Amino acid sequence: MSSSTIPKGHTLPVRFAGLASYLPDRVVTNDDLAEVLDTNDEWIRTRTGIRERRVLAPNQATSDLAIAAARAALNDAGMTADDLSAIVVATTTPDHTVPGTAPLVAAALGSEVTAFDINAACSGFLYALRVGAGMLATGDSAVLVVGAEALTRIVDPGDRSVAVLFGDGAGAAILVADDQASLGPFDLGADGSDPSMLWTEAGGTRQPVDGGVLHDRSNLLSMRGGDVYRNAVARMTASSKQVLADAGFGVDQVDLLVGHQANIRILEAVGQRLGIPAERSHITVDRHGNTSAASVPLALADAREAGRLNPGDTILLTAFGAGLTWGSCLLTWQPTRHQGTTTTAGGGGAM
Ligand code: COA
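Figured I'd write up the structure that's included with this text. Here the structure is a predicted model, which is why all the values come from computation and not from measurement. The residue count restarts for each chain, going from 1 along the sequence in the order it is written. At least 70 in pLDDT is required for a residue's local features to be given in this predicted model, at least 80 for side-chain atom pairs to be given and counted, and no such filter applies to totals for whole chains, interfaces and linings, which use all residues. Based on all heavy atoms of the structure, the side-chain values leave hydrogens and waters out of the count.

The next subject is the packing of aromatic side chains. To pair, rings of Phe, Tyr and Trp, with the six-membered ring standing in for Trp, must have centres within 6.5 Å; the planes then decide the type, stacked if under 30 degrees apart, edge-to-face if over 60, and tilted in the middle. For the coordinates displayed, the defined rule picks out one aromatic pair. Considering the side-chain rings of F16 and W333, the 6.0 Å spacing of their centres and the 70° angle between planes classify their relative orientation as edge-to-face. Here F16, found in strand β2 (residues 14–23), pairs with W333, found in the loop between β14 (325–332) and β15 (342–344); they are 317 residues apart in sequence, far enough to count as distant. Whether a residue is buried, partly exposed or exposed follows from its accessible area with a 1.4 Å probe, protein chains only, as a fraction of its type maximum: under 20%, in between, or over 50%, in that order. What makes F16 buried here is its relative accessible area of 2%. Assessed through its relative accessible area of 2%, W333 is described here as buried. Strands here mean DSSP runs of E at least two residues long; helices mean DSSP runs of H or I at least four residues long; both are numbered from the N terminus.

Listed below in structure tokens is the structure:
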């Protein structure tokens with residue numbers, strides 16, 4: 001079965017009214033990790049491209065990151081929470097199993113609008129964009145879409161095969177309907193036939209936490225790295241090709257590729273297979289590590305700060321994650337009301 005795709009040529013009249021991100025203050029370098037793990041900067045950099053990542057403070061949870069990014073996105077749009085009609089939070093590391101994280105974000109913003117989570121792992125922001133755009137088509141006025149993650153809370157800090165890969169952060173966008181704007185086509189898909197490729201085996205309803213789980217640490221993230229790597233390259237490439245074909249676009253019409261930031265080698269391989277040169281791919285994995293559902297909006301906000309999102313530019317977004325899930329879409333960039341900035345725990349005018 002093929003993945004679900006909006007019909008050929010079909011784009012949605014949706015614009016990013018606001019865009020912002022939030023990174024926790026604490027920077028953990030590869031050398032920092034090498035002090036506590038049997039690893040080294042050279043191995044991490046050459047295998048993954050990661051130099052450092054951000055880690056949330058002990059008193060922070062995913063919703064705190066999401067709230068900071070959401071406030072900054074509202075500021076960027078020149079809007080208040082009263083202008084929102086829905087809040088969608090893409091996360092695979094919610095504050096709690098129950099309730100969802102989005103209602104907590106809504107409460108902090110002083111809002112009682114529709115608020116729910118999406119768990120599509122690292123593809124979550126692409127899924128949330130598609131859902132948010134669909135909500136605008138059926139009457140919503142402004143949808144806050146957040147990708148927020150605290151992956152460092154679900155990795156075993158003593159497991160070098162995963163602990164070096166992940167970081168924490170959040171990115172947020174406010175979607176509004178605009179007849180002059182264009183979001184899509186989308187290609188989203190999922191293959192749940194082999195979830196153990198990348199998962200937390202225990203801690204859910206299949207295997208609730210008990211003494212054995214805590215002993216085995218099987219409530220923490222584990223993966224088969226090589227299989228994940230191969231599938232990430234294949235799925236992001238195929239999905240990107242699908243949206244380009246559906247749009248009738250050649251790769252030369254893509255001004256910037258903003259892919260899920262899991263590994264520089266994965267992004268380079270996807271770029272090569274698509275025929276998009278490295279200078280047209282935005283990279284943040286070196287500074288952020290893999291922030292799962294937050295990675296695409298974090299990278300998008302970073303690209304704008306770097307002056308790489310110009311009015312009318314065609315941006316190709318693509319992501320891949322646990323599930324497996326994957327997704328891609330095109331975005332025609334239009335400036336937001338204010339120039340946003342990435343905020344940090346220590347400040348940032350937008351918070
Ligand atoms: N530091 C030092 N050595 C490490 C290490 C670390 N952090 N992690 C693993 N190693 C060792 C392994 O133990 C192995 O040693 P051995 O040959 O003595 O057995 C060696 O390095 C090679 O391990 P391998 O897993 O084959 O490395 P790799 O080249 O496949 O790279 C990943 C590993 C994880 C970087 C790579 O598979 C990858 O990026 N996968 C995708 C992960 C990902 O992006 N997940 C999220 C997707 S959304």
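Let us look at the pattern of salt bridges. Here the idea is simple: oppositely charged side chains can pair when their charged atoms come close. Any Lys or Arg side-chain nitrogen found within 4 Å of a carboxyl oxygen on Asp or Glu counts as a salt bridge. Using the criterion set out here, one finds twelve salt bridges in the structure. Residue D156 pairs with R217 through a salt bridge whose shortest N-O separation is 3.2 Å. Of the two residues, D156 is situated in the loop between β7 (142–150) and α6 (160–163) and R217 in the loop between α7 (211–216) and β11 (221–223); the sequence distance between them amounts to 61 residues. Judged by its relative accessible area of 15%, D156 is buried. Taking relative accessible area as the criterion, R217 reaches 41% and is therefore assigned partly exposed. Across the salt bridge formed by R224 and D194, the nearest N and O atoms sit 2.6 Å from each other.

Looking now at helix α8 (residues 225–247). Over its 23 residues, α8 extends 33 Å from the first C-alpha to the last, a length consistent with the 33 Å expected when each residue adds 1.5 Å. What α8 keeps buried is the set V228, A232, V233, M236, T237, S239, S240, V243, L244 and D246. A positive backbone phi angle near 70° is found at G248, which sits one or two residues after α8. Each residue after the first adds 1.5 Å to the expected span of a helix.

Buried and open spaces are told apart on a 1 Å grid over the protein atoms alone, a cavity being a set of points where a 1.4 Å probe fits but cannot get out and a pocket being an open set with protein on both sides within 12 Å along at least five of seven lines. Residues with an atom within 4 Å of a point are the lining residues. Grid points are joined across faces, edges and corners, and a volume is the space filled by probe spheres set on the points. Roughly 1200 Å³ of volume is contained in the largest pocket. Forming the walls of the largest pocket are 40 residues, and the residues nearest its centre are T92, P94, N119, I154 and T200. For the lining of the largest pocket, the elements supplying multiple residues, two or more each, are β6 (114–118) and β10 (198–200). As a working rule, the residues Ala, Val, Leu, Ile, Met, Phe, Trp, Tyr, Cys and Pro are called nonpolar, Asp, Glu, Lys and Arg charged, and the rest polar, with Gly in that last group. The residue makeup of the lining of the largest pocket, split by class, is 18 nonpolar, 17 polar and five charged. Taken together, 26 residues line the second largest pocket, and the ones lying closest to its centre are S161, L165, M223, G225 and N263. Of all the secondary-structure elements, those providing two or more residues to the lining of the second largest pocket are α2 (41–48), α6, α8, α9 (264–274) and β13 (314–321). Here the element with the most residues in the lining of the second largest pocket is α8; it accounts for five residues. By residue class, the composition of the lining of the second largest pocket is twelve nonpolar, ten polar and four charged.

The subject of this paragraph is the site of the ligand. The nearness test applies per residue and asks whether one of its heavy atoms lies within 4 Å of the molecule or strand. Within the structure, the ligand sits among 20 residues, and T39, R47, R160, G225 and N263 are positioned closest to it. Think of a polar contact as two N or O atoms within 3.5 Å of one another; within protein, one of them needs to be a possible hydrogen donor and the other a possible acceptor, and neighboring residues in sequence only count if both atoms come from side chains. Within the side chain of R160, a nitrogen or oxygen atom sits 2.9 Å from an oxygen atom of the ligand. At 3.0 Å, a backbone N or O of G225 approaches a nitrogen atom of the ligand. Throughout, the Shrake-Rupley method with a 1.4 Å probe supplies accessible areas, and for residues the shown protein chains are the sole cover considered. Considered on its own, the ligand offers 960 Å² of accessible surface; in the complex 68% of this is hidden by protein. In this scheme, a molecule is assigned to a cavity or pocket if more than half of its atoms are within 2 Å of the grid points. Spatially, the ligand is embedded in the second largest pocket. Taken together, the elements giving at least two residues each to the shell around the ligand come down to α2, α6 and α8.

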